Amino acid sequence: MTVAATRPPQDAARPRRQLRFPSAFTVLLVVTVSVWLVAFVVPTGRYALDADGRPVPGSYAAVDAGLSFVDRLYQLFLAPVNGLYGVKSTETGFVGPYEVGELFGAAGVFLFVLAIGVFITMTMRSGAIDAGIGRIGARLGGRGAPLIVVLMVLFSLAGTTEGMAEETLGFYALVVPLVLSLGYDRLTAASIVLLGAGIGTLASTVNPFATGAASGAADISIGDGIGLRLVMYVALTAVVIAYVLRYAQRVKADPARSLVGFLPEDVDVVDRQEGALELTGRHKTVLALVAATFAFMIFAIVPWAQVVNGPDATSYGFQLDWYFPELAALFIVMAVVVGLVGGLGEAKLSATISQGAGDYVAAGIIIVLARGVTVIMNNSQITDTVLSSLESAVSGTSSAVFGGLMFLVNIPLAFLIPSSSGHATLAMPVLAPLGDFAGVSRAVVVTAFQSASGWMNLFTPTSAVVMGGLALAKVSYGAYLRFLAPLLGLLLVLITAFIAVGAVLS
């Protein structure tokens, strides 16, 4: 073959400009300005509030916001700042840094996100997670099915407790060779990581970036609704694992049935050296500390009084009632403990704290920006107008139908805002009170939101986790969609059924 014959056509050599979906920051900026403009034309009004500060259904009445153009321009200018630490006046409802009254900003959630980032980064830096997964692979050896189950359970646990997403990108270098050596293909490896962590995040139990952010915005405890979410986690995780196993076993039995085929280098894949898989006593201690930290977090946030004595109970002997400030302190302290036990030393420990907070600050800023949108809506007094319109739409709707609708309306929002924390902080202040009108627990609304967000983020091309993971595994997006499509349909039906039943029982 001549060189000329291999030269691409002139048009092909010229790179084509591709449309790229904007980032969550850009989407939130557009939403902020759009809401600010809409506030000029949407009628203003307010609900009467009950003793718990929640809107009384049917009590909406028009009011005069009394805001000049300069006031509104000032609101737009300060929206991000007010989103971080704004406070709500108990008399006027105006949210701003110089008002006094109930804390309204996202400072608590913001610091909690940074604390989680420090903790996870410290654990990764210790090498305990890599060593733990490596040891599992070495012990199971050629028994591929148990390995797939164990890995997906581990990733799902990370997803349901701390919303593991971008962190999964570091595992492909280990999981892909391990899976290929057992006779499976690269799509199996990508599915173990993507769907393992993804289904855990979809059925989050205490994930701070989804359940935590949404619960905070909905003004409920992160432990509310944990029973339904736990049942969903167990059932949906089992379904996803079975789906991946079925494909993996089919490929192992007949490699020609692989949707992605095998690359030339795949046949030369060998197991990692035993030294790289060594799980030391120090690693075991770190993993035990990580498990204990998340277990204690679950204990600290669950409303044990309501679980044991019913919804009207107000106290219980060992109930802690911790919230974001206490949880942030817990993860900061445990990050330092993990660093010391992991043998990082003072210099690496300090650097890892900075790196961990820096890696997660983007998620925190998204929360702040999204909360700023809510501040504009509240200051302009149009939030209750939106609620009034949606209240009339759900009036007379059965609890089951309402639950299904809450799941479905969140799906397009999840596409526009792939960040679960940004989606939660933006949508929950509007959607959560609708549960009050329909007689459905706000916890069910939170569960419907996070399920929609998790379902969309299993495949949305706007997700860096999906596209980056597939690139690392060398799997095409088209092949992944063909593999995933039947599962997405099955999950859609199952989630809708779970949410409907949960709404009826709430």
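Nothing here was measured: the structure is a model prediction, and the numbers come from that model.

Let us now look at the overall build of the chain. Of the regular secondary structure elements, the chain holds 22 helices and five strands. Looking at the chain as a whole, 50% of its 506 residues qualify as buried. Considering only residue pairs separated by 6 or more positions, the chain has 75% of its internal contacts joining residues 24 or more positions apart. Accessible area of the chain: about 22,200 Å², with a carbon and sulfur share of 65%.

Let us now look at the nonpolar core. As a rule of thumb, soluble globular proteins bury nonpolar side chains together. Counting residues in each nonpolar core, the largest one holds 83 residues, and the members touching the most others are L195, M428, W455, Y480, L491 and I495. Here the element with the most residues in this core is helix α11 (residues 226-253); it accounts for 11 residues. Once residues within four sequence positions are removed from consideration, W455 is found in contact with L202, I411, L488, L491, L492 and I495.

Glancing now at the pattern of salt bridges. The final tally for this structure, using the stated rule, is one salt bridge. Residue D436 pairs with R442 through a salt bridge whose shortest N-O separation is 2.6 Å. The class of D436 is partly exposed, set by a relative accessible area of 23%. With a relative accessible area of 8%, R442 lands in the buried category.

Looking at the chain as a whole, its pLDDT mean stands at 78, while 78% of the residues score no less than 70. The element-level mean pLDDT for the chain is lowest in strand β5 (residues 101-103), coming to 37, with α11 highest at 95. Within the model, pLDDT remains below 50 along residues 88-92, and this stretch shows 16 contacts once partners closer than five positions in the same chain are excluded. Counting interchain partners and residues more than four positions distant, the pLDDT-below-50 stretch residues 270-276 has five contacts.

Right, let's talk about a nonpolar patch on the surface for a bit. A cluster of nonpolar side chains, namely L29, V33, L37, V38, F40, V41, F69, V70 and L73, defines an oily patch on the protein surface of about 850 Å² accessible area. Listing elements by their share of the nonpolar patch, those giving two or more residues are α3 (24-38) and α4 (69-85). Along the chain, the position of V70 falls in helix α4. Looking at V70, the relative accessible area reads 59%, which means it is exposed.

Along the chain, L431 falls in helix α19 (residues 420-438). Taking the C-alpha atoms as reference points, L431 and V386, separated by 45 residues in sequence, lie 9.8 Å from one another. When sequence neighbours within four positions are dropped, the list of residues in contact with L431 reads M406, N410 and V445.

All right, on to helix α22 (residues 477-505) then. A turn of α-helix holds 3.6 residues, and therefore any two residues three or four places apart point the same way. Over its 29 residues, α22 runs 39 Å from end to end, which matches the ideal 42 Å to within 8%, given 1.5 Å per residue. Within α22, the axis deviates most sharply at L484, by approximately 45 degrees, and proline P486 lies no more than four positions further along. Buried residues of α22: A479, Y480, F483, L484, L487, L488, L491, I495, I499, A500, G502 and A503, and no others.

Before going further, it helps to examine the packing of aromatic side chains. Scanning the entire structure with this criterion turns up eight aromatic pairs. Look at F112 and F331: their rings are 6.0 Å apart centre to centre, the planes differ by 50 degrees, and that puts the pair in the tilted class. Here the residue F112 occupies a position in helix α5 (residues 107-126), and F331 occupies one in helix α15 (residues 324-341), the gap between them amounting to 219 residues. Note on W455 and F459: the rings are 5.4 Å apart at their centroids and 80 degrees apart in plane angle, and the pair reads as edge-to-face. W455 sits in the buried class, given a relative accessible area of 11%. Linked through ring pairs, W36, F40 and F69 together constitute an aromatic cluster.

Our next topic: unusual backbone geometry. Positive phi, close to 60 degrees, is recorded for Q381, a residue that is not glycine. With respect to the helices and strands, the residue Q381 is situated in the loop between α16 (345-379) and α17 (383-394). Here K474, not a glycine, exhibits a phi torsion of approximately 60 degrees, which is positive.

Relative to the 21 Å expected for 15 residues at 1.5 Å per residue, helix α20 (residues 442-456) spans 21 Å between its end C-alpha atoms, a close match to the ideal helical length. N-capping of α20 is provided by S441, with a side-chain oxygen placed 3.1 Å from the backbone N of A443.

Residue position: R186 is located in helix α9 (residues 186-202). With sequence-adjacent residues up to four places away left out, R186 is seen in contact with V176, L180, V260, L263, E265, D266, A473, K474 and V475.

Conventions we followed
- Residues numbered from 1 in each chain as written.
- Predicted model: local features only at pLDDT ≥ 70, side-chain atom pairs only at ≥ 80, totals over all residues.
- Heavy atoms only, no water.
- Helix = DSSP H or I, 4+ residues; strand = E, 2+ residues; numbered from the N terminus.
- Buried < 20%, exposed > 50% of the residue type's maximum accessible area, 1.4 Å probe, protein only.
- Contact = heavy atoms within 4.5 Å.
- Areas by Shrake-Rupley, 256 points an atom, 1.4 Å probe, with all protein chains shown as cover.
- Core = buried A, V, L, I, M, F, W, Y, C linked by side-chain atoms within 4.5 Å.
- Salt bridge = Lys/Arg side-chain N within 4 Å of Asp/Glu carboxyl O.
- pLDDT = per-residue confidence, 0-100.
- Patch = residues over 30% accessible without salt bridge, like charges linked within 9 Å, V, L, I, M, F, W, Y side chains within 5 Å.
- Expected span 1.5 Å × (residues − 1).
- Bend = angle between axes of the 7 residues up to and from the residue.
- Phe/Tyr/Trp six-rings, centres within 6.5 Å; stacked < 30°, edge-to-face > 60°.
- Polar contact = N/O pair within 3.5 Å; in protein donor to acceptor, adjacent residues only side chain to side chain.

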